[in-house]
Amino acid sequence: MKLIKLNAIDSTNDFLKQLSLKEAVESFTVVTAESQPKGRGQMGTVWQTESGKNLIMSVFLKETLTGVSDIFNLNVAVAVSIVQALEHFQIPQLKIKWPNDIMSYQFKIGGILIENSVKQDGTIHSIIGIGLNVNQINLENLPKASSLAVLCQREFDIESLVLRIIENIKQNLAVKTPKWDAIWLTYADLLFKKNTPMAFKNMKTNQNFMGIIQGVTCQGKLQVLLEDDVTAEFGIKEVQMLY
């Protein structure tokens, strides 16, 4: 593992992307930053982070995926790896909120943003962006967020978290062949609000409805059992959980 430490960078994902265009980058090259003013989440959301308080990292992978059908498998493996790493540090009540938020109790403590590029020879390069609220105490105006320090009433060594997460990602990706079944079973067990009646918002119709999360398809769509006993599938921009 090659580790590049930066003080401040607009985006660790963008840094790795630009680096890979200039030179050959080894798989599992990791970039961390003390602060990231332009950190991004799913669908363009912005992640506000205090300098030096949180885990900000991106990981470069090449030729890990065998095809585009594997893309959400990587998302699943990374999410499970982060939870397993946090379990090592005894973070309580960990869950994965579809598609890629890391939760403790009902609070979001982290997120994942994976960007994939398919090369001319068919190989796929992936950049995994991971953000975790670690030692930040001030979370004003973020009622659904928390941090490891707030939840556990102690500070954490951020580099130890980085190393544990990378170790778990390596282990989980090493056993992905011939199938991803074991990772998917763990992911399914960790799904936030699975089998619990809850409210949702249909982002296309702007209407609220009740449903029960059943699981996630291999394409990354959320499966929700509706009140008429029909199971509907929703993409990332098609539905919002109301909790």
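Here the structure is shown first, and the text comes after it.
Residues numbered from 1 in each chain as written. Predicted model: local features only at pLDDT ≥ 70, side-chain atom pairs only at ≥ 80, totals over all residues. Heavy atoms only, no water.

Peer 1: How should the layout of surface pockets be read in this particular structure?
Peer 2: The gaps of empty space that remain are located by a probe, the size of a water molecule, rolled over the atoms. Quantified by volume, the second largest pocket comes out at close to 220 Å³. Contributing to the lining of the second largest pocket are 13 residues, with Lys5, Thr32, Glu34, Ile158 and Glu159 lying nearest its centre. Breaking the lining of the second largest pocket down by element, the ones donating at least two residues are strand S1 (2-8), strand S2 (29-35), strand S3 (55-62) and helix H4 (158-174). Residue composition of the lining of the second largest pocket, grouped by class: seven nonpolar, three polar and three charged. (1 Å grid on protein atoms, 1.4 Å probe; cavity = no way out; pocket = protein on both sides within 12 Å on 5 of 7 lines; lining within 4 Å. Points joined across faces, edges and corners; volume = space filled by probe spheres on them. Helix = DSSP H or I, 4+ residues; strand = E, 2+ residues; numbered from the N terminus. Nonpolar A, V, L, I, M, F, W, Y, C, P; charged D, E, K, R; others polar.)

Peer 1: Can you walk me through the packing of helix H2 (residues 71-88) against helix H5 (residues 181-190) in this structure?
Peer 2: Geometrically, a packed helix pair is captured by the angle between its two axes and the distance between the axes. Packing of H2 against H5 brings their axes to within 9 Å, and their N-to-C directions diverge by 65 degrees. Pair H2 / H5 crosses with left-handed handedness. Residue-level contacts link Phe72, Asn73, Val76, Ala77, Ala79, Val80 and Val83 of H2 to Ile183, Trp184, Thr186, Tyr187 and Leu190 of H5. Considering only residue class, the contact of H2 with H5 consists of 10 nonpolar, two polar and no charged. (Axes fitted to C-alpha atoms, helices over the stretch in contact; angles between N-to-C directions. Left-handed = near helix turned anticlockwise from the far one by under 90°. Contact = heavy atoms within 4.5 Å.)

Peer 1: What should I look at first to understand unusual backbone geometry in this one?
Peer 2: Note: most residues except glycine have negative phi, and most peptide bonds are trans. Of the consecutive residues Trp98 and Pro99, the connecting peptide bond is found in the cis state with omega at 0 degrees. Residue position: Pro99 is located in the loop between strand S4 (94-97) and strand S5 (101-104). Located in the positive-phi region is Asn206, a residue other than glycine, with phi close to 65 degrees. The class of Asn206 is exposed, set by a relative accessible area of 54%. (Buried < 20%, exposed > 50% of the residue type's maximum accessible area, 1.4 Å probe, protein only.)

Peer 1: Whenever I open this one, the pairing of strand S11 (residues 231-234) confuses me. Can you help?
Peer 2: Regular strands place their side chains on alternate faces of the sheet. Burial along S11 is one-sided: the residues Ala232 and Phe234 are buried and none of Thr231 and Glu233 is. Relative to S11, strand S10 (residues 222-226) runs antiparallel, the two being bridged by four bridges. For Leu225, the partnering residue across the bridge sits in S11 and is Thr231. Linking S10 back to S11 in an antiparallel pair, the connection comprises four residues, with Asp229 at a positive phi of about 65 degrees. (Pairing = 2+ DSSP bridges.)

Peer 1: Honestly, the side chain of Ser81 in this entry has me stumped. Any pointers?
Peer 2: Here Ser81 is to be found in helix H2. Apart from residues no more than four positions distant in its own chain, Ser81 is found in contact with Ile165, Asn168, Ile169 and Asn172.

Peer 1: Would you take a moment to explain the environment of Ala232 for this structure?
Peer 2: Mapped onto the fold, Ala232 is located in strand S11. By relative accessible area, which is 16% here, Ala232 ends up buried. Taking the C-alpha atoms as reference, Ala232 lies 15 Å from Thr205; in sequence the two are 27 residues apart. Residues within four places of Ala232 in sequence aside, it is in contact with Leu222, Gln223, Val224 and Leu226.

Peer 1: Is there a simple way to explain the pattern of salt bridges in this structure?
Peer 2: Between side chains of opposite charge, a pair can form when the charged atoms approach closely. Under the definition given, this model contains six salt bridges. Residue Lys97 is joined to Asp101 by a salt bridge in which the shortest nitrogen-to-oxygen separation is 3.6 Å. Exposure class is identical for Lys97 and Asp101. Each is buried. Here Lys108 makes a salt bridge to Asp101, at a shortest N to O gap of 3.3 Å. Given the relative accessible area of 13%, Asp101 is considered buried. Among the ionic contacts, a cluster of salt bridges with common partners joins Asp14, Lys17 and Glu115. (Salt bridge = Lys/Arg side-chain N within 4 Å of Asp/Glu carboxyl O.)

Peer 1: Looking at this model, I keep getting lost on the nonpolar core. Mind explaining?
Peer 2: What tends to happen in soluble globular proteins is that the nonpolar side chains get buried as a cluster. Judged by nonpolar contacts, the single largest core of 60 residues is most densely connected at Leu55, Leu86 and Tyr187. Per element, the largest residue contribution to this core is 11 residues, and it comes from H2. One finds Ile4, Leu6, Leu16 and Ile127 within the second-largest nonpolar core, a separate group that totals 10 residues. (Core = buried A, V, L, I, M, F, W, Y, C linked by side-chain atoms within 4.5 Å.)

Peer 1: What should I look at first to understand the sheet that holds strand S8 (residues 197-202) in this one?
Peer 2: Note on sheets: strands pair through backbone hydrogen bonds, and any given pair is parallel or antiparallel. Read across the sheet, five strands follow the order S11-S10-S9-S8-S12 without closing on themselves; strand pairing throughout is antiparallel. Lying at the two open borders of the sheet, with one neighbouring strand each, are S11 and strand S12 (239-242). Going across the sheet, the axis of each strand differs from the next one's by a mean of 50 degrees, ignoring polarity. Of the strand pairs in this sheet, S8 and S12 are connected by four bridges, and their pairing is antiparallel. Bridge assignment links Asn202 to a residue of S12, and that residue is Val239.

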